[in-house]
Amino acid sequence: MKKIITIIALLLSFAAFAQNEQLAQNYFEKGEFEKALVIYQDLEKKQPHNIFFTQKLAACYQQLQQYENAEKLLLEKLKKTGQPLLYVELGYNYQLQKDMAKAERNYQAALNTIEENPSNVYNVATAFEQKVLLDQAVKAYAKAVEINPMLNFDYQVALLQGQLGNVQLMIEKLLSYAYNNPQNLMVVQNQLVRFMSEEGEENPTAEGENSFNSKLRKALLVNVQKTQDIFWNQFLSWYFVQQREYGKAFVQEKAIFKRDPDTFGNIVNLAKLAVEENEDATAREILNFILQNTTDPELQLQSHYYLLSMDIKSAQEKDHPAIKQAINALLTQYGVSPYSLELQLLKADFEAFHLKDTKAGIETLNKTLELQLNKYQQAQVKMKLADVLLLDEKFNQAIIYYAQIEEDLKNDAVGHEASLKMAKSSYYKGDFEWAQKQFKVLKSSVSQLIANDALEMFLLINDNTVEDSTQTALKKFARADFKLYQNKKNDALAGFKELLDDPTKSIQDVTLLRMGELYQSMGQYPQALASYQKIIDNYKEGIYVDEALFFSAEIYNKKLSDPEKAKPLYEKVLFEHEDSIYFIEARKQFRQLRGDTNS
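What you see is a predicted model, and the numbers here were worked out from it, not measured in a lab. (Residues numbered from 1 in each chain as written. Predicted model: local features only at pLDDT ≥ 70, side-chain atom pairs only at ≥ 80, totals over all residues. Heavy atoms only, no water.)

## Observations concerning the overall build of the chain
Here's step 1: When helices and strands are counted, the chain shows 32 helices and zero strands.
Here's step 2: In the chain, 51% of the contacts between residues at least 6 apart in sequence involve partners at least 24 apart.
Here's step 3: Approximately 30900 Å² of the chain is accessible, and the part contributed by carbon and sulfur atoms is 50%.
Here's step 4: Between the centroid of the 68 positive side chains of the chain and the centroid of its 81 negative side chains there is a distance of 2 Å. (Helix = DSSP H or I, 4+ residues; strand = E, 2+ residues; numbered from the N terminus. Contact = heavy atoms within 4.5 Å. Areas by Shrake-Rupley, 256 points an atom, 1.4 Å probe, with all protein chains shown as cover. Lys, Arg positive; Asp, Glu negative; His and termini not counted. Charge placed at Lys NZ, Arg CZ, Asp CG, Glu CD.)

Listed below in structure tokens is the structure:
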């Protein structure tokens, strides 16, 4: 019993001690140094060998400008413990009093302890860093390595050089550390990404030889050319992926593959990235390379699937028979089974949305549902079936299938996607009240894409209900939106044009956006630009301005080959719409147009 009481007493004592330490830290952070001082004095008495409390107590004295008390404390502790970092603390105390001669003597004394024992560098360098005495910290690490060349502080020194503004040296040290410690490659790359991101956020138009990205690229290129180690090719490929320059990454991956065929998986992953980012030309090049260099049927089928998807996306009506034939040939080659599920879904989608044969699409999907599928595969098929039923204006049947998926996969991303589509189905058929309830829930979704889409729909319904309680304009907009879903572009365009004469002002900017997107997809670029310009001119405070600017820039840049008109539009996205989802791509395109050397 006595042991239990003793243990309880010890635990309570420890809890009280920890509570006091936290209280002192809180006072210190709030600037209430007198209160913090009293508690730290008590803590330091109870644990006189705890150097942390000595440091905090000295800091309190210094904040209260009681430098003599701090000096007395530090000299006593130095005499008793001989802790090298206390020389740093003492030197800093003199520096605060502008006595640099004594400060430097103590800093040198701290550095001298490293000569006696190189392991002292850990405490000494850390103490220098805490006081933001970065040059001394660099000297500390250099002295330790000089005495014991087996030590390596490239990583720590690199970060210090970065803080000192010596970016080139920082990059060289980080790359050297990564090469010598490949197990820590991800740590280094994460640091580099942080610097790349900070440059983009703080100075999105940073350019030329002085930009961090340019210096990093040059350093990597020098290492690639200087050695034959594929480590540097892989690092350079990683860099190009961060810049979303997948074609240049592919050049490096091909060079790596020639020397190490086991790296083929990296090329496959790069192809997927290019597909996801809609870099179709690069994706095609990589996918064709995969088909030429693999006998793996799964990779072959996946590559054919991606290539066909891109073909369908850019196809004219005259291309449809050839695409249909290609899909059927692949299904004959690989068979109709769960293994070829993605291809079957693509076939159904092509039949319904492009050949306008919903009956054939539904028949394909019903046959697929007869296969031995797991619940996720079944959800995929049902989702596509619901999409086709919605296309065929069978709203209730579509909603039933979406609801089944939502029920079966409640906490899954697929279930959330089904919820969004179910809400959109209700929106298309004019049941705005129910749709709005669903969008309200979904705008808090963990999936950013679903949340953004749901928020946009929520605002659309909300804004156009406040101004027009009868929702007349909103009903017209929803009908035009549904025509767009059905890929009936001319009908959709006619519906949106009619809304431009509607007195409901809140519907105007989003109508112009839809029209611009429609004209753009139809290759009618002057009309698209005119629609976007109306948003830019008349709805400066609206939520669609960044899209109008970015889409206009893309047309000038990629369709009309007029970079001088594209550049200022990209720049406006960078400086006026930092939170836009198009910010990163706008920055990339702006830098390329400006002529940054990223080759």
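There's more to say after this.
## Notes on the packing of helix 3 (residues 51-63) against helix 4 (residues 67-81)
Here's step 1: The N-to-C vectors of helix 3 and helix 4 enclose an angle of 160°; their axes lie 8 Å apart at closest approach. Our classification of the angle between helix 3 and helix 4 gives roughly antiparallel. The interaxial crossing formed by helix 3 with helix 4 has left-handed handedness. Only Y67, N69, A70, L73, L74, K77 and T81 of helix 4 make contact with helix 3, whose side of the interface consists of I51, T54, L57, A58, Y61 and Q62.
Here's step 2: Residue classes in the contact of helix 3 with helix 4 are distributed as eight nonpolar, four polar and one charged. (Axes fitted to C-alpha atoms, helices over the stretch in contact; angles between N-to-C directions. Parallel < 35°, antiparallel > 145°, perpendicular 65-115°, else oblique. Left-handed = near helix turned anticlockwise from the far one by under 90°. Nonpolar A, V, L, I, M, F, W, Y, C, P; charged D, E, K, R; others polar.)

## Observations concerning the packing of aromatic side chains
Here's step 1: On inspection of all chains with the given rule, the structure shows 32 aromatic pairs.
Here's step 2: A ring pair is formed by F235 and W238, whose centres lie 5.5 Å apart and whose planes are at 85°; its orientation type is edge-to-face. Taken together, the positions of F235 and W238, both in helix 13 (residues 230-242) and three residues apart, correspond to about one turn of that helix. Comparing F235 with W238 shows no difference in burial state: the two are buried.
Here's step 3: When the ring of F257 is compared with that of F289, the centres are 5.8 Å apart and the planes differ by 80°; the resulting orientation is edge-to-face. Of this pair, F257 sits in helix 14 (residues 246-259) while F289 sits in helix 16 (residues 280-293), placing them 32 residues apart in sequence. (Phe/Tyr/Trp six-rings, centres within 6.5 Å; stacked < 30°, edge-to-face > 60°. Buried < 20%, exposed > 50% of the residue type's maximum accessible area, 1.4 Å probe, protein only.)

## Describing unusual backbone geometry
Here's step 1: One non-glycine residue, E393, adopts positive backbone phi at about 65°.
Here's step 2: Counting through the fold element by element, E393 comes out in the loop between helix 21 (375-391) and helix 22 (395-408).
Here's step 3: For E393, a relative accessible area of 42% gives the class partly exposed.
Here's step 4: A positive phi angle is found at Q471, which is not glycine, with a value near 60°.
Here's step 5: When you line up the elements, Q471 lands in the loop between helix 25 (448-466) and helix 26 (472-485).
Here's step 6: According to the relative accessible area criterion, Q471 is buried, its value standing at 17%.

## Quick notes on the pattern of salt bridges
Here's step 1: Counted under the stated rule, the structure contains 28 salt bridges.
Here's step 2: Notably, a salt bridge pairs E279 with K588, separated by 3.4 Å at the nearest N-O pair. One end of the pair, E279, is in the loop between helix 15 (264-276) and helix 16; the other, K588, is in helix 32 (residues 583-594), and 309 residues separate them in sequence.
Here's step 3: For E279, a relative accessible area of 23% corresponds to the partly exposed category.
Here's step 4: On the basis of relative accessibility, which here comes to 13%, the residue K588 falls in the buried class.
Here's step 5: As a salt-bridge pair, K367 and E363 come within 3.6 Å of each other at their nearest N and O atoms. Placement of both K367 and E363 in helix 20 (residues 358-369) is noted, with a separation of four residues, approximately one turn of the helix.
Here's step 6: Given a relative accessible area of 43%, E363 falls into the partly exposed group.
Here's step 7: A single network of salt bridges, built from pairs that share partners, joins R244, E277 and E585. (Salt bridge = Lys/Arg side-chain N within 4 Å of Asp/Glu carboxyl O.)

## Digging into the nonpolar core
Here's step 1: In terms of nonpolar packing, the biggest core is built from 81 residues, with Y427, F439, L460, F477 and F496 touching the most fellow members.
Here's step 2: The dominant element in this core, judged by the number of residues it contributes, is helix 21, at nine residues.
Here's step 3: Those residues in contact with Y427, other than ones at most four positions away along the chain, are F432, A435, F439, M457, L460, I461, L474, F477, A478 and D481.
Here's step 4: V188, F240, L299 and Y306 belong to the second largest nonpolar core, which has 47 residues in total. (Core = buried A, V, L, I, M, F, W, Y, C linked by side-chain atoms within 4.5 Å.)

## Focus on the confidence of the model for the chain
Here's step 1: Here the chain shows a mean pLDDT of 91. Residues at 70 or above account for 94%.
Here's step 2: The model gives residues 5-17 a pLDDT under 50, and that stretch makes four contacts with residues more than four places away or in other chains. (pLDDT = per-residue confidence, 0-100.)

## Brief notes about helix 2 (residues 33-46)
Here's step 1: Across its 14 residues, helix 2 extends 20 Å between first and last C-alpha, which sits within 8% of the 20 Å expected from 1.5 Å per residue.
Here's step 2: What helix 2 keeps buried is the set F33, A36, L37, I39, Y40, L43 and E44. (Expected span 1.5 Å × (residues − 1).)

## Examining the packing of helix 31 (residues 563-576) against helix 32
Here's step 1: At their nearest, the axes of helix 31 and helix 32 sit 9 Å apart, and the two run at 140° to each other. Classed by the angle they form, the pair helix 31 and helix 32 counts as oblique. Pair helix 31 / helix 32 crosses with left-handed handedness. Listed contacts from helix 32 to P563, A566, K567, Y570, E571, V573 and L574 of helix 31 are F583, A586, R587, Q589, F590, L593 and R594.
Here's step 2: The residue makeup of the contact of helix 31 with helix 32, split by class, is nine nonpolar, one polar and four charged.

## Quick word on helix 16
Here's step 1: Counted at 1.5 Å a residue, the expected span for helix 16 with its 14 residues is 20 Å, and the 20 Å between its end C-alpha atoms agrees.
Here's step 2: Residues of helix 16 that are buried: T282, A283, I286, L287, F289 and I290. Along the axis of helix 16, the buried residues cluster in a sector spanning 155°; they form a single face. Exposed residues lying more than 90 degrees from the buried face of helix 16 are A281 and Q292.
Here's step 3: If you follow the buried residues of helix 16, they end up packed against helix 14, helix 15 and helix 17 (297-314). (Arc of directions from axis to C-beta.)

## Notes on the environment of E129
Here's step 1: Its place among the elements puts E129 in helix 7 (residues 121-130).
Here's step 2: E129 sits in the partly exposed class, given a relative accessible area of 31%.
Here's step 3: Sequence separation between E129 and L160 is 31 residues; the distance between their C-alpha atoms is 8.4 Å.
Here's step 4: Contacts of E129, omitting those with residues within four sequence positions, involve A137, Y141 and L160.

## Here's the deal with the side chain of S419
Here's step 1: Checked against the element boundaries, S419 lands in helix 23 (residues 413-428).
Here's step 2: Residue class for S419 comes out buried when judged on its relative accessible area of 6%.
Here's step 3: What S419 contacts, discounting residues up to four positions off in sequence, is E406 and L442.

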